[in-house]
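# What the coordinates show
If you want the building blocks of each chain, they are given just below.
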Amino acid sequence: MLSRLLLVAALLCISGGARAWNAQGHAAVAAIAEAQLSPAALRQVSALLVGDLDRKEKSSGRKHLSEIASWPDEIRDEAVKTDPAAYKGWHVRSNQICSEQLGACRDGNCVDQLIIRYAAVLADRSQPQRARNEALKWVVHLLGDLHMPLHSGVNRNGGGAKVLVTGMSLKPDDTFHTVWDGVLLNAALAGWTRKSQPVSRERLAVDSPTQWMIETRDLARREVYEPLPGFSCDAKLREPIVLDLAYQQHSVAVIRAQIERAGLRLAQLLNQLLAD
């Protein structure tokens, strides 16, 4: 089942602009999670996807988590017209990697707090089907976003810095952030055969998404920024940042670990929220 779902993940929405993990990355997280769902959670997911609607409010026919994993990105352009505030900073939290203080979260519209909010809706069986369906889609997507290092940890000019990637051709507007979202992610997913790991049965606290975000922020400093030549918390990064082959190989390992971690945690969360 996992192999089939990962194949679906690889074929889904490969094109398109990178927004956090690209569509392939989100689908991979979701596929890993779905393969680890309990029978009760899997039944709930199937029921919640009955009558699922696409961004044009038409029946989507989607039946798997990997197929809905990029839904918030799909609806963004239209949704921002009616609720722009909710779509400003919604899939990130600007936590400085060199500070213990968490970034601002205006009106709760940041990645960890939105996961907590939608998880509560998803777990509430008294909520309308449509509300729980959309909450599921938000949780699946945002769990992936939260584990993208540059969405939980930022550094002055780091995300927007210009880059050169040894052996790769980039688009003129590619930045350090978009390279992590797309080019390095694609390299990590190519030819990757993950080893099956059990999902933790430990009961999650309500604030677990925030703790995962803090962990990812710390990982961003340790595994993403500190390996860069001349990195210092007190200085802007020199541009263009050169990502040599050694850095690329290191990044591939980090990304694979984060994709797998996100998938297993998503399964753990859904198994808890959707238990009988």
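Residues numbered from 1 in each chain as written. Predicted model: local features only at pLDDT ≥ 70, side-chain atom pairs only at ≥ 80, totals over all residues. Heavy atoms only, no water.

Before going further, it helps to spend a moment on the overall build of the chain. A count of helices and strands for the chain gives eleven helices and two strands. Each helix and strand of the chain, placed in order from N terminus to C terminus, yields the pattern α-α-α-α-α-α-α-α-β-α-α-β-α. In terms of principal-axis extent, the alpha carbons of the chain reach across some 55 × 40 × 40 Å. Put simply, of all contacts in the chain between residues at least 6 apart along the chain, 75% involve residues at least 24 apart. For the chain, the exposed surface amounts to about 13,200 Å²; the carbon and sulfur share of it is 52%. (Helix = DSSP H or I, 4+ residues; strand = E, 2+ residues; numbered from the N terminus. Contact = heavy atoms within 4.5 Å. Areas by Shrake-Rupley, 256 points an atom, 1.4 Å probe, with all protein chains shown as cover.)

Now for the environment of Arg 238. Mapped onto the fold, Arg 238 is located in the loop between α10 (208–225) and β2 (241–243). The spacing of Arg 238 and Lys 162 is 76 residues in sequence and 9.1 Å in space, taken between C-alpha atoms.

Applying the stated criterion to the full structure yields 14 salt bridges. A salt bridge links Glu 57 to Arg 130; the nearest nitrogen and oxygen atoms lie 2.9 Å apart. Here the residue Glu 57 occupies a position in the loop between α3 (39–48) and α4 (65–68), and Arg 130 occupies one in helix α7 (residues 129–146), the gap between them amounting to 73 residues. The shortest N-O distance in the salt bridge between Arg 76 and Asp 73 comes to 3.0 Å. Here the residue Arg 76 and the residue Asp 73 both occupy positions in helix α5 (residues 71–82), the gap between them amounting to three residues, near one helical turn. (Salt bridge = Lys/Arg side-chain N within 4 Å of Asp/Glu carboxyl O.)

In this section: the confidence of the model for the chain. The share of residues in the chain with pLDDT of 70 or more is 92%, and the mean pLDDT across the chain is 90. Note that pLDDT drops below 50 for residues 1–18; the model gives that stretch 29 contacts with residues more than four away or on any other chain. (pLDDT = per-residue confidence, 0-100.)

Using the criterion set out here, one finds six aromatic pairs in the structure. Through a chain of ring-to-ring contacts, the aromatic side chains of Trp 71, Trp 90, Tyr 118 and Trp 138 assemble into a single cluster. (Phe/Tyr/Trp six-rings, centres within 6.5 Å; stacked < 30°, edge-to-face > 60°.)

So, about helix α6 (residues 111–123). Along its 13 residues, α6 runs 18 Å from first to last C-alpha, staying within 8% of the 18 Å computed at 1.5 Å per residue. What α6 keeps buried is the set Val 111, Asp 112, Leu 114, Ile 115, Ile 116, Ala 119 and Leu 122. (Expected span 1.5 Å × (residues − 1). Buried < 20%, exposed > 50% of the residue type's maximum accessible area, 1.4 Å probe, protein only.)

Okay, the state of the cysteines next. Counted under the stated rule, the structure contains two disulfides. Note that Cys 98 is cross-linked by a disulfide to Cys 233, the S-S spacing being 1.8 Å. Judged by the torsion about the S-S bond (-75°), the Cys 98/Cys 233 disulfide is left-handed. Of the two residues, Cys 98 is situated in the loop between α5 and α6 and Cys 233 in the loop between α10 and β2; the sequence distance between them amounts to 135 residues. With relative accessibility at 34%, the residue Cys 98 sits in the partly exposed group. Between the sulfur atoms of Cys 105 and its disulfide partner Cys 110 the distance amounts to 2.0 Å. Handedness here is read from the sign of the S-S torsion; for Cys 105 and Cys 110, about -95°, the answer is left-handed. Looking at Cys 110, the relative accessible area reads 1%, which means it is buried. Numbered by position along the chain, the disulfide-linked cysteines of the chain connect as 1-4, 2-3. (Disulfide = S-S within 2.5 Å.)

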